[in-house]
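For reference, the chains in residue letters:
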There are 2 protein chains.
Amino acid sequence: MEVDGTFLTILGITAGIFILMGWIEQIYKGYKTKRLKDVSKFLMIFIAAGSILWLIYGIIVDDVFIIGTNMSGLILMIIVLGMKKRYDMHAKPS
Amino acid sequence: MEVDGTFLTILGITAGIFILMGWIEQIYKGYKTKRLKDVSKFLMIFIAAGSILWLIYGIIVDDVFIIGTNMSGLILMIIVLGMKKRYDMHAKPS
């Protein structure tokens, strides 16, 4: 398919921003409620593992959007994981 | 970087499988506990929106791994979102 490079750039950046906004919202919600008990830690661990591989993939195919999204996503997931660990320890049973 | 296509294939497939395993684990955990209250619905909505754009991106750059991961991820996220909606309605206050 023949497509304008600018369109691809906008698409890649917007897709990346959406995914990062999702994780930021999860961080905000967790911070507000001080609860992340229902969030599976394996969700973060598996997606982080996948992101590391996507990162390598992105470096090899030299795709800056794959690299950027996965690198920032990885950082945000580590934050959620750390918050979860902390909140789960102090959590009231529900 | 010059890399074997087989390596890229394995990398792409493994990365995709990890990400899907993460969502499947979240579905399993949610199903078991019947609770998804701490999971931000915007996490799913934003990541789903991002996945749709990645899907378009994948179709344009003709990358089967981007297409596959995002299409299956999208389906799994819709399942989690549906489960959350149902469980949140019947949830006991905590």
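Residues numbered from 1 in each chain as written. Chains lettered and ligands numbered in written order. Predicted model: local features only at pLDDT ≥ 70, side-chain atom pairs only at ≥ 80, totals over all residues. Heavy atoms only, no water.

An unreviewed UniProt entry annotates chain A as MtN3 and saliva related transmembrane protein of Candidatus Nitrosopumilus sediminis.

**Let's talk about the UniProt feature "transmembrane region" (unreviewed entry) in chain A**
Residue and element names in this part refer to chain A. Mapped onto this numbering, the UniProt entry gives "transmembrane region" (unreviewed entry) at residues 6–28, 40–59 and 65–83. The annotated region residues 6–28 carries 100% helix and 0% strand content, and the separation between its end C-alpha atoms amounts to 32 Å. Annotated as residues 40–59, this span is 95% helix and 0% strand, and its ends, taken at the C-alpha atoms, are 29 Å apart. (UniProt positions renumbered as here; feature names shortened; annotations may be inferred. Helix = DSSP H or I, 4+ residues; strand = E, 2+ residues; numbered from the N terminus.)

**A word on the packing of aromatic side chains**
Here the structure, examined in full by the defined rule, presents eight aromatic pairs over all chains. Summarising the aromatic geometry, the rings of F18 of chain A and F46 of chain B are spaced 6.2 Å apart at their centres and angled 25° between planes, so their arrangement reads as stacked. With F18 of chain A in helix α1 (residues 5–33) and F46 of chain B in helix α2 (residues 41–61), this residue pair bridges two chains. Linked through ring pairs, F18 of chain A together with F42 and F46 of chain B together constitute an aromatic cluster. Above the face of the Y31 of chain A ring, K34 of chain A is positioned so that its terminal group lies 3.8 Å from the ring centre. (Phe/Tyr/Trp six-rings, centres within 6.5 Å; stacked < 30°, edge-to-face > 60°. Lys NZ or Arg CZ within 6 Å of the ring centre and 35° of its normal.)

**Some words on the relation of the copies chain B and chain A**
Superposing chain B onto chain A takes a rotation of 180° combined with a translation of 0.0 Å along the rotation axis, leaving an RMSD of 0.0 Å. On the angle and the small slide along the axis, the relation comes out as a two-fold axis. In this assembly, 100% of the residues forming the interface of chain B have copies in chain A that are likewise at the interface, indicating an isologous arrangement. (Least-squares fit on C-alpha atoms with pLDDT ≥ 70 in both. Contact = heavy atoms within 4.5 Å.)

**Focus: the environment of F7 of chain A**
Residue and element names in this part refer to chain A. By the secondary structure assignment, F7 is in helix α1. Since its relative accessible area comes to 41%, F7 is described here as partly exposed. Through-space distance from the C-alpha of F7 to that of G50 is 26 Å; in sequence the pair is 43 residues apart. (Buried < 20%, exposed > 50% of the residue type's maximum accessible area, 1.4 Å probe, protein only.)

**Examining the interface of chain B and chain A**
Facing 40 residues of chain B, the contacting portion of chain A comprises 40 residues. Contact with chain A buries area across many residues of chain B, yet D38, W54 and I60 of chain B alone supply 18% of it, more than any other trio. Seen at the junction of chain B and chain A, the total is two salt bridges. Between R35 of chain A and D38 of chain B there is a salt bridge; the shortest N-O distance is 3.2 Å. In this structure, the connection of chain B to chain A is made through 15 residue pairs in polar contact (both at pLDDT 80 or more). Listing elements by their share of the side of chain B that touches chain A, those giving two or more residues are α1 (5–33), α2 and α3 (64–90) of chain B. Take the side of chain B that touches chain A: its biggest share by element is 14 residues, from α1 of chain B. For the side of chain B that touches chain A, the residue count by class is 26 nonpolar, eight polar and six charged. (Buried area = accessible area lost by both parts, 1.4 Å probe. Salt bridge = Lys/Arg side-chain N within 4 Å of Asp/Glu carboxyl O. Polar contact = N/O pair within 3.5 Å; in protein donor to acceptor, adjacent residues only side chain to side chain. Nonpolar A, V, L, I, M, F, W, Y, C, P; charged D, E, K, R; others polar.)

**Here we look at the pattern of salt bridges**
Applying the stated rule across the entire model yields six salt bridges over all chains. Within the structure, one salt-bridge network assembled from shared partners comprises R35 and D38 of chain A together with R35 and D38 of chain B.

**Regarding the packing of helix α2 (residues 41–61) of chain A against α1 of chain B**
It is the contact of α2 of chain A with α1 of chain B, at a shortest axis distance of 8 Å, that shows an interaxial angle of 160°. Relative to α1 of chain B, the element α2 of chain A is oriented roughly antiparallel. Judged by the twist between their axes, the crossing of α2 of chain A over α1 of chain B is left-handed. Within the contact of α2 of chain A with α1 of chain B, the residues separate by chemical class into 19 nonpolar, five polar and one charged. (Axes fitted to C-alpha atoms, helices over the stretch in contact; angles between N-to-C directions. Parallel < 35°, antiparallel > 145°, perpendicular 65-115°, else oblique. Left-handed = near helix turned anticlockwise from the far one by under 90°.)

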